[in-house]
Amino acid sequence: MLVHKAYPLHPAIWVLLPVHIELLVIGWIVQFTMGTAYWILPRYLKGSSRGNTKLARSMVFLLNVGIVVVIADRFTDSSLPLAVIGRLLEVSAVALFVGMHWKRVVTYNK
Amino acid sequence: MPRITRAFIKTGMGFFLVSLLLGIAVEIESLSLPVLMPLFWHTLMVGWITQIIFGVSMWMFPGRNKEEGFRAQLWGWLTYIFLNAGLVLRLVAEPMLPYSELAFWNVLVLSSAVLQVTGGITYLIEMWPRIMSKEQRRRKRKKKRNKQ
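Below you will find a few notes about this structure. (Residues numbered from 1 in each chain as written. Chains lettered and ligands numbered in written order. Predicted model: local features only at pLDDT ≥ 70, side-chain atom pairs only at ≥ 80, totals over all residues. Heavy atoms only, no water.)

Okay, empty space enclosed by the protein next. Residue and element names in this part refer to chain B. Scanning the entire structure with this criterion turns up one cavity of 30 Å³ or more. Roughly 30 Å³ of internal volume is contained in the largest cavity. Elements supplying a minimum of two residues to the lining of the largest cavity: α2 (36–60) and α3 (74–93). Class assignment of the residues belonging to the lining of the largest cavity gives a composition of three nonpolar, two polar and one charged. (1 Å grid on protein atoms, 1.4 Å probe; cavity = no way out; pocket = protein on both sides within 12 Å on 5 of 7 lines; lining within 4 Å. Points joined across faces, edges and corners; volume = space filled by probe spheres on them. Helix = DSSP H or I, 4+ residues; strand = E, 2+ residues; numbered from the N terminus. Nonpolar A, V, L, I, M, F, W, Y, C, P; charged D, E, K, R; others polar.)

Pasting the structure below:
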């Protein structure tokens, strides 16, 4: 799109703008912060140190499927409200994230 | 904190200030040119947020080469140069496109896009092998020791 501003390629290129935003904001920045928080926040002293691994995998799965579904909405004429479904998947991933990390926002120093 | 991380964070802070100034300009009717909006978002999201992500990840992720210098941290410094050169070129050239017929500005904008993408690729080259579990790190170290 930046190249298109200098050397027009095709007017339809602007269809990619929401995809560009979705991939970079949710796919890159949000996903990176979630992944790094999962790695770096204080771990549990008992049991599985970062909590339920299956839930963590589901979080990654839901977020990425959500991104793909939101993007698919821009390119398909589906009768399904894909953007809403995608956003709901992303919200479920974030809800899982909050649930899994709430008790890890803690200090073990007195 | 390694030098490259300091460079990323301090440059990022510069872009953060620039982005907020652009944000003010966008809100003032007499200054609000349409070309400023993409610059505001890109200086904020790439110049600040992405830049601190790059800097901090190069510092905190496992497998860091603790030796300082351009050669020792080649891909990191190339990322820094490409990303920031690309951003500065965009900042300078993009606002000129609607107002100037000179092909020079178009070349600068094209170079900016190429530089930023190249910065992303060099970041991937640096970081991809460093994203690993403790077990993978142990195996890697063991392999290295066996080789010596």
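Resuming the write-up.
Residue and element names in this part refer to chain B. Where α2 meets α3, the closest approach of the two axes is 11 Å, and the angle between their N-to-C directions is 170°. The orientation of α2 relative to α3 falls into the category roughly antiparallel. Across from P38, L39, H42, T43, V46, G47, Q51, F54 and M58 in α2, the residues of α3 making contact are G76, T79, Y80, L83, N84, L87, R90 and L91. Of the residues assigned to the contact of α2 with α3, the class counts are nine nonpolar, seven polar and one charged. (Axes fitted to C-alpha atoms, helices over the stretch in contact; angles between N-to-C directions. Parallel < 35°, antiparallel > 145°, perpendicular 65-115°, else oblique. Contact = heavy atoms within 4.5 Å.)

All names here are of chain A. Among the structural elements, Y38 can be located in helix α2 (residues 17–40). Separated by 62 residues in the primary sequence, Y38 and M100 have C-alpha atoms spaced 8.7 Å apart. Those residues in contact with Y38 that lie beyond four places of it in its chain are R50, A56, M100, H101 and R104.

Bringing the packing of aromatic side chains into the picture now. Residues and elements named next belong to chain B. Counted according to the given criterion, the structure contains 12 aromatic pairs over all chains. For the pair F8 and F54, a centre-to-centre distance of 6.2 Å together with 90° between the ring planes defines the contact as edge-to-face. Of this pair, F8 sits in helix α1 (residues 3–27) while F54 sits in helix α2, and the two are 46 residues apart along the sequence. Since its relative accessible area comes to 5%, F54 is described here as buried. With 5.3 Å between their ring centres and 85° between their planes, F8 and Y80 make a pair best called edge-to-face. With F8 in helix α1 and Y80 in helix α3, this residue pair connects regions lying 72 residues apart in the sequence. (Phe/Tyr/Trp six-rings, centres within 6.5 Å; stacked < 30°, edge-to-face > 60°. Buried < 20%, exposed > 50% of the residue type's maximum accessible area, 1.4 Å probe, protein only.)

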